Amino acid sequence: MEGKRGTWNSNFGFIMAAVGSAVGLGNIWGFPYKMGSSGGFAFLLIYLILAVLIGFVVMMGELVMGRRSGRGAVGAYAKLASRKFRWVGWMGVLSAFLIMSFYSVLGGYCLKYMVVNLGDMLGMSFGSNGLNGGDMFTLLLKNQVECVVYTLIIMVIGAAIVMGGISGGIERFSKYAMPALFILLIVVIIRSVTLDGAMKGLEFMFAPNFEPFEKDFISVLSLAGGQMFFSLSLGMGIMITYGSYLPRRENIQRNALVVIFADTVASILSGMAVIPAAFALGGDGAAMAGPKLLYVTLHNVFNSMGDIGPFIGMLFYLLVVIATVTSVISLIEVITTFFMDHAENHGKTGNRRLITLFVSLAIMALATLVAADGLGTNGVWMPFQAFGVSGWNDCWLSFMDMLSEGVMMPLGALLMCLFISYEWGVDRVVTEVERCGDRFVGRQFFSLCFKVIAPLGMVFILWGQLKGFGLV
Ligand code: PFF
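A short tour of the structure in this document, coming up. In this text, all values refer to a predicted model and were calculated from it rather than measured experimentally.

## Points about a nonpolar patch on the surface
Together, Met 121, Leu 122, Met 124, Phe 126, Ile 308 and Phe 311 make up a nonpolar patch on the protein surface, roughly 530 Å² of accessible area in all. The exposure class of Phe 126 is partly exposed, given its relative accessible area of 35%.

Written as structure tokens, this is what we have:
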């Protein structure tokens, strides 16, 4: 069965693809800022504890469900779960679809910035032409055609890779892209931390600061938890899907640990690339928040670096584009696998190229709406604003983000844990992991995590997300 469905060629390839999915915009702009503004090293510690107690458990659960069933998100629940939980897989496919609608738009902006830096490097007219980051971003958002075109380019690149299949497309691309990304990160870090005044940035990120904890420990916890879910690509069936292509001989427990470790390292390295530079060139806490960091502050940083600026800027946005594309392909794959499985259930072999084409076209339609909206700049019709503008309905991007990241991801992960703990059984997870021939390490501990710690933690994270979006 595995042969027909496709499988990863090597464990290294699988890890690069899974790390590729995990490392993305969430690491590069979300983590450094949240870490710096919410306690520095203390936040990192909380993040790590949550990653081990909750992230590790959810990731293993997803990989096990995928490999055991040999199916993607929907198919895995259909095969393993009773009626009560069967619908959970659908939520994964739906949230992948919703996330793609805005993630591709943000990736499109990065591509535009890469092109602008290239233009500046070559002294061509498609450079920034002396505009500062703020003006450039405003102009870009107002240019609906440009936003849509860059979004579609990201989608076309992602779709082309997914069309190549699991080992021939996703694995082949990730195997080179991820090491390249880490090398580019190191180059940018070297420039960033050697700027005058960079130390202030490193202090912002790493110095333990317990003030945010004293004010609102609960918010810090749920901020770290929400970040962890998004960053590790959990709760939407990606790891179920990737696990379904994983051969029996591979050790799921070890692989989950490696992916989490690599993703966390990528977040810290991204912070070291971004924050010291922003500080050295006059940024402050506010300049690091939200979209401003990537599309305003950093552009100004590269602008003020002199001759080498556009080159470093081009490298930086190239690495962000790579990170985005490897995440995009995992999201397209979740939906593609769903249709491939559907065909297989009916005794047919799905036409991967055709399926990917239709999936991508559907995503493009929704992404076009988000791109044209320009973070609310262009007044595109937004019916939910009638409820009074709050965190979730100020623009289409926020709305899609709220539905997926805010509700469906943590809810999906919570339900998965409940399904495994109270219906399917943690013992089956252990058995599936041990099929590789190695022993499952820390059985009692993980059982406790699955049954109590992770579900409780997730209720809490879900609540924090809803609160963050102004829904409760
Ligand atoms: N993990 C990616 C990031 O941190 O940017 C984003 C992401 C990819 C989220 C895939 C969710 C997902 F399913």
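On we go.
## Notes on helix H19 (residues 426-434)
Taken together, the buried positions of H19 are occupied by Val 426, Val 429, Val 430, Glu 432 and Val 433. All buried residues of H19 fall inside an arc of 165 degrees around its axis, so they share one side.

## Re the site of the ligand
In the neighbourhood of the ligand, 15 residues make up the surrounding shell, with Gly 26, Tyr 103, Phe 230, Met 236 and Ile 238 lying closest. Separating an oxygen atom of the ligand from a side-chain N or O atom of Tyr 103 is a distance of 2.6 Å. For the ligand, the protein covers 100% of the area, taking 330 Å² as the surface of the free molecule. At the level of elements, helix H2 (11-22), helix H3 (25-37), helix H12 (211-231) and helix H16 (309-345) are the ones that each hand at least two residues to the shell around the ligand.

## What about helix H5 (residues 73-80)?
The buried fraction of H5 amounts to six of the eight residues, a majority that puts the element mostly inside the structure. For H5, every residue scored as buried is listed here: Ala 73, Val 74, Gly 75, Ala 76, Tyr 77 and Leu 80.

## Regarding unusual backbone geometry
You will see that Asn 129, though not glycine, has its phi angle at about 50 degrees, which is positive. Mapped onto the fold, Asn 129 is located in the loop between helix H7 (88-122) and helix H8 (133-142). For Asn 129, a relative accessible area of 58% corresponds to the exposed category. Phi is positive for Leu 375, which is not a glycine, with a value near 55 degrees. One can find Leu 375 in the loop between helix H17 (352-373) and helix H18 (396-424). On the basis of relative accessibility, which here comes to 28%, the residue Leu 375 falls in the partly exposed class.

## Considerations on the state of the cysteines
Counting across every chain of the model gives zero disulfides. Between Cys 436, a cysteine without a disulfide, and Cys 449, which holds the nearest cysteine sulfur, the sulfur-to-sulfur distance is 20 Å. As a non-bridged cysteine, Cys 449 has Cys 417 as the owner of its nearest cysteine sulfur, 9.1 Å distant. On the basis of relative accessible area, Cys 449 is assigned to the buried category, the value being 0%.

## Points about the pattern of salt bridges
Taken as a whole, this structure holds twelve salt bridges when the rule is applied. For Glu 250, the salt bridge is made with Arg 249, and the minimal N-O distance between the two is 3.3 Å. For Asp 427, the salt bridge goes to Arg 443, with nearest N and O atoms at 3.3 Å. Residue Asp 427 is located in helix H19, and its partner Arg 443 is located in helix H20 (residues 443-468); the two are separated by 16 residues in the primary sequence.

## Description of the packing of aromatic side chains
This structure, assessed with the given rule, holds 34 aromatic pairs. Between Trp 90 and Phe 338, the ring centres sit 4.9 Å apart and the planes meet at 65 degrees, which makes this aromatic pair edge-to-face. Of this pair, Trp 90 sits in helix H7 while Phe 338 sits in helix H16, placing them 248 residues apart in sequence. Ring geometry for Phe 419 against Trp 424: centres 6.3 Å apart, planes inclined by 20 degrees, an arrangement best described as stacked. According to the relative accessible area criterion, Phe 419 is buried, its value standing at 0%. Following the ring pairs from residue to residue traces out a cluster consisting of Trp 29, Tyr 109, Tyr 113, Phe 137, Tyr 295, Phe 302, Phe 316 and Tyr 317. Sitting above the plane of the Tyr 245 ring, Arg 5 keeps its charged end 4.4 Å from the centroid.

The rules we used
- Residues numbered from 1 in each chain as written.
- Predicted model: local features only at pLDDT ≥ 70, side-chain atom pairs only at ≥ 80, totals over all residues.
- Heavy atoms only, no water.
- Patch = residues over 30% accessible without salt bridge, like charges linked within 9 Å, V, L, I, M, F, W, Y side chains within 5 Å.
- Areas by Shrake-Rupley, 256 points an atom, 1.4 Å probe, with all protein chains shown as cover.
- Salt bridge = Lys/Arg side-chain N within 4 Å of Asp/Glu carboxyl O.
- Buried < 20%, exposed > 50% of the residue type's maximum accessible area, 1.4 Å probe, protein only.
- Helix = DSSP H or I, 4+ residues; strand = E, 2+ residues; numbered from the N terminus.
- Arc of directions from axis to C-beta.
- Near = heavy atom within 4 Å.
- Polar contact = N/O pair within 3.5 Å; in protein donor to acceptor, adjacent residues only side chain to side chain.
- Disulfide = S-S within 2.5 Å.
- Phe/Tyr/Trp six-rings, centres within 6.5 Å; stacked < 30°, edge-to-face > 60°.
- Lys NZ or Arg CZ within 6 Å of the ring centre and 35° of its normal.

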